[in-house]
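Observations on the three-dimensional arrangement
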Amino acid sequence: MREITYAQAITEALYEEMTRDEDVIVYGEDVGIYGGPFKATRGLQERFGNQRVMDTPISETTIVGSAVGAAMTGSRPVVEIMHDAFLGICMDEIANQAAKMHYMTGGQIKVPLVIRTPRLGGEQQAAAQHTARPEAWFLHVPGLKIAIPSTPSDAKGLLKTAVRDNNPVVFFEHVLLYNKKGEIPQGEYTISFGKANIIREGNDVTLLATSLMVHKALIAVQQLEKENISVELIDPRTLVPFDKATLINSVKKTGKLVIATEECKTGSVAAEICAFVVEEAFDYLDAPPKRVCGLDVPLPFSPPLESFSVPNEEDIVQAIQQVLR
Amino acid sequence: MELAKEKMLELYRTMFKIREFEETVAVLFRQGKIPGWLHCCTGQEAVATGACAALRKGDYITSTHRGHGHLIAKGADVKKMMAELFGKKTGYNKGKGGSMHIADFSIGILGANGVVGAGIPIATGAGISIKRKKEDRVVLCFFGEGAGNRGTFHEGINLASTWNLAVVYLMENNLYAVSTHQSRVQKTTDIAARAGAYDIPGISVDGNDVLAVYNTVKRFAERARRGEGPALIECRTYRWHGHYEGDPLNYRSTEELEEWKKKDPISRFKKVLLMKNILSEERDRQIKDELKNKIAMAIKFAEESPYPEKEGALQDVFCELV
């Protein structure tokens, strides 16, 4: 097994897909010469030239809008929006154009488009306008797929699948994960959408976590093991499609559910997951599900304010202890 | 350049076909036979007709909420358009889109669009594909003067200019964005000045003169096809109907409308054709009867077509094709 960083995994996925299929193009702000604001596209322009890897003006609306047009006419664009908090700038192009085109044309048009977007969460003092954790905005838009990898291996396998998908995919990366290393399978591989990863098997409680929270969850799981609490840790990897079966089966086994995401709690992905588990597996629940999420505040700047506002491993430990009480 | 006689007659036919389509669907809408909203382009037929006649079959267009004329001029099937307006299963979009979302990929129609100015980046993106694949195509991007004040106008044209894409941006200036006259929301109406900001050619033409539109679009489409980059064309025209059917039209005078009706693109062009002996009154009647019949057949097709099964609502959310 090879070890590479999450950022390298993104680069490798793009490199392999661009080599495999010349219709794949990459563009966005600073993705070319600079190699990406977080170095996730490093070397691509040198290898594939400036007709397939393009630096754009600061024009988020047209980055995504033109990608819709390019995708409709035989290209497979992978565009980057520098931070997920900036997705609001191009929301019409994502939610009203990309997502609806196939449907409202009665299936005539396909839009094979990937919008990669690095997330700034807590711990970086990026303050309110550079942080949003907005996956729930897109969960509410039929026609979009959503991937949210937590490891280098998943990032690579899911991005390759995203590039090959004929639907628009919003692909959430995480700035705090870019330098994290992880093992990567040898050779060519992809990871199907809608297949959750059971990271740890356990019997006492089901813990579902996404992105950065998977890593905080792992710390919590290890701590709880010392108290002889056996946690089943699940990473859904994609939010649309969502692997309901794996989660429901786990809840049937453990009878308890904790969901850990970085989002603001109200109207979150975690809320939706809670809702369908209650609808579909109420009889199996021994305790009300619990959500470990961010506070319902714009992310504040000052370190003590910021760390108070985002969920951490201790919050997960406490939530699990509470549902087991 | 003088056009061939047949091409001239084709322009005339297309304009009348659009007129007949629009005037007929407006009546059907009032009768409650067409659901939703309807934005007719009566009075603006020369823009769609002249522009699309200057394109080749493989060229792309992006259209707008007022798109029936663009689609007909690019060669869309009026039966499938009509069925779509009726919400029928046999419509272009299987009844899922309606008037504002008709697309026909087989003839390069990348879709009408319900959002003002949204077609501009999409057209730019089609230009990206054309350039990368070195295709012998151009994109014609229709939008209204209202869209000229959206950010997509600036961003989309700036990108096309910077990347030298084969896109002709055509502003169809009918003076009103819903109720708001252009002069109330922008200081300059000089299109060349705006084009200058992107270092591309900008030209204004009489949008009720089908030959002027044709010649101008032809010139800039061929320029783009040669790899010389995008251009911005303004076609000055006027919509005879309201923004939508049922619009109270309290924002403009009947005198203004009557003045513009004197510049009716169809009767103007008819005079030219009569003068050149390309058309006779008798041939004119024949052409009009033919086209009226064609539209009547389209209505019959739409009326006789079934509605989609309700479960169809669940299909096509995602593309299942790999």
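The rules behind each value
- Residues numbered from 1 in each chain as written.
- Chains lettered and ligands numbered in written order.
- Predicted model: local features only at pLDDT ≥ 70, side-chain atom pairs only at ≥ 80, totals over all residues.
- Heavy atoms only, no water.
- Helix = DSSP H or I, 4+ residues; strand = E, 2+ residues; numbered from the N terminus.
- Rg over C-alpha atoms; globule rule 2.2 N^0.38 Å.
- Buried < 20%, exposed > 50% of the residue type's maximum accessible area, 1.4 Å probe, protein only.
- Lys, Arg positive; Asp, Glu negative; His and termini not counted.
- Charge placed at Lys NZ, Arg CZ, Asp CG, Glu CD.
- Contact = heavy atoms within 4.5 Å.
- Buried area = accessible area lost by both parts, 1.4 Å probe.
- Salt bridge = Lys/Arg side-chain N within 4 Å of Asp/Glu carboxyl O.
- Phe/Tyr/Trp six-rings, centres within 6.5 Å; stacked < 30°, edge-to-face > 60°.
- Lys NZ or Arg CZ within 6 Å of the ring centre and 35° of its normal.
- Core = buried A, V, L, I, M, F, W, Y, C linked by side-chain atoms within 4.5 Å.
- Domains from an automatic or database assignment.
- Polar contact = N/O pair within 3.5 Å; in protein donor to acceptor, adjacent residues only side chain to side chain.
- Axes fitted to C-alpha atoms, helices over the stretch in contact; angles between N-to-C directions.
- Parallel < 35°, antiparallel > 145°, perpendicular 65-115°, else oblique.
- Pairing = 2+ DSSP bridges.

As a further point, take the overall build of chain A. Counting its regular elements, chain A contains 11 helices and 14 strands. Since a compact globule built from 325 residues should have a radius of gyration of about 20 Å, the 19 Å found for chain A is in line with a globular shape. In terms of overall dimensions, chain A has C-alpha extents of about 60 × 45 × 40 Å along its principal axes. Residue burial in chain A is summarised as follows: out of 325 residues, 62% are buried. Chain A carries 31 positive and 42 negative side-chain charges, and their two centres are separated by 3 Å.

Glancing now at the interface of chain B and chain A. If you look at the interface, chain B gives 38 residues, while chain A gives 45 residues. Of the roughly 3300 Å² buried between chain B and chain A on both sides combined, carbon and sulfur atoms contribute 59%. If you sort the residues of chain B by the area they bury against chain A, Arg132, Glu155 and Phe318 of chain B come out on top, with a joint share of 20%. At the junction of chain B and chain A, the tally comes to one salt bridge.

According to the stated counting rule, one finds 45 salt bridges over all chains in the structure shown. In this structure, lysine 160 of chain A engages glutamate 188 of chain A in a salt bridge whose closest nitrogen and oxygen atoms are separated by 3.2 Å. Of this pair, lysine 160 of chain A sits in helix α6 (residues 152-164) while glutamate 188 of chain A is found in the loop between β8 (181-184) and β9 (197-200), placing the two residues 28 residues apart along the sequence. Between aspartate 264 of chain B and arginine 19 of chain B there is a salt bridge; the shortest N-O distance is 2.8 Å. You can see aspartate 264 of chain B sitting in the loop between α9 (254-261) and α10 (265-275) and its partner arginine 19 of chain B sitting in helix α1 (residues 5-30), a full 245 residues away along the chain. What emerges from the salt-bridge pattern is a single network uniting Arg2, Glu12, Glu16, Glu17, Arg20, Lys156, Lys160, Arg164 and Glu188 of chain A.

Each aromatic ring pair is summarised here by two numbers: the centre-to-centre distance and the angle between the ring planes. Counted under the stated rule, the structure contains 13 aromatic pairs over all chains. One cation-aromatic arrangement involves lysine 145 of chain A over phenylalanine 318 of chain B; the distance from NZ or CZ to the ring centre is 5.7 Å.

As a further point, take the nonpolar core. In terms of nonpolar packing, the biggest core is built from 82 residues, with Leu247 and Val277 of chain A touching the most fellow members. Per element, the largest residue contribution to this core is seven residues, and it comes from helix α9 (residues 269-281) of chain A. Counting the residues that make up this core, at least three belong to each of domain 1 (2-184) and domain 2 (197-324) of chain A. Other than its neighbours up to four places away in sequence, leucine 247 of chain A contacts Thr206, Leu208, Ile234, Phe242, Leu257, Ile273, Phe276 and Val277 of chain A. Listed in part, the 68 residues of the second largest apolar core include Met15, Ile61, Ile278 and Ala298 of chain B.

Residue and element names in this part refer to chain B. Looking at where arginine 219 falls in the secondary structure, it is placed in helix α8 (residues 210-225). Arginine 219 gets classed as exposed once you look at its relative accessible area, which sits at 52%. Between the C-alpha atom of arginine 219 and that of methionine 275, which follows or precedes it by 56 residues, the distance is 26 Å.

All right, on to the domain arrangement of chain A then. Residue and element names in this part refer to chain A. If you check the domain split of chain A, you get domain 1 (2-184) and domain 2 (197-324). Centre-to-centre, using C-alpha coordinates, domain 1 lies 26 Å away from domain 2. Approximately 2400 Å² of surface area, both sides summed, lies buried where domain 1 meets domain 2, with 60% of it carried by carbon and sulfur atoms. At the junction of domain 1 with domain 2, the criterion picks out three salt bridges. Between lysine 216 and glutamate 123 there is a salt bridge whose closest N-O contact spans 3.0 Å. One can count 13 residue pairs in polar contact (both at pLDDT 80 or more) joining domain 1 with domain 2. Those elements that provide at least two residues to the side of domain 1 that touches domain 2 are α5 (135-139), β6 (145-147) and α6.

All names here are of chain A. Viewed as axis vectors pointing N to C, helix α3 (residues 60-72) and helix α4 (residues 91-104) meet at an angle of 10°, and their least axial separation amounts to 10 Å. As far as their axial angle goes, α4 and α3 are roughly parallel. Between α3 and α4, the residues in contact are Thr61, Val64, Gly65, Val68 and Met72 and Glu93, Ile94, Ala98 and Met101, respectively.

Now for the sheet that holds strand β5 (residues 114-119) of chain A. All names here are of chain A. In space, the seven strands of this open sheet follow the order β3-β2-β4-β5-β7-β6-β12, with mixed pairing throughout. At either end of the open sheet lies a strand with only one pairing partner, and these are β3 (53-55) and β12 (238-240). Across this sheet, the average inter-strand angle for adjacent strands is 20°, counted without regard to direction. As defined by bridge partners, strand β4 (residues 76-80) adjoins β5 across three bridges and the pair is classed as parallel. From the neighbouring strand, valine 79 faces β5, where its bridge partner is isoleucine 115. Across the sheet, α3 touches β2 (24-28), β4 and β5, and the angle it forms with β4 is around 170°.

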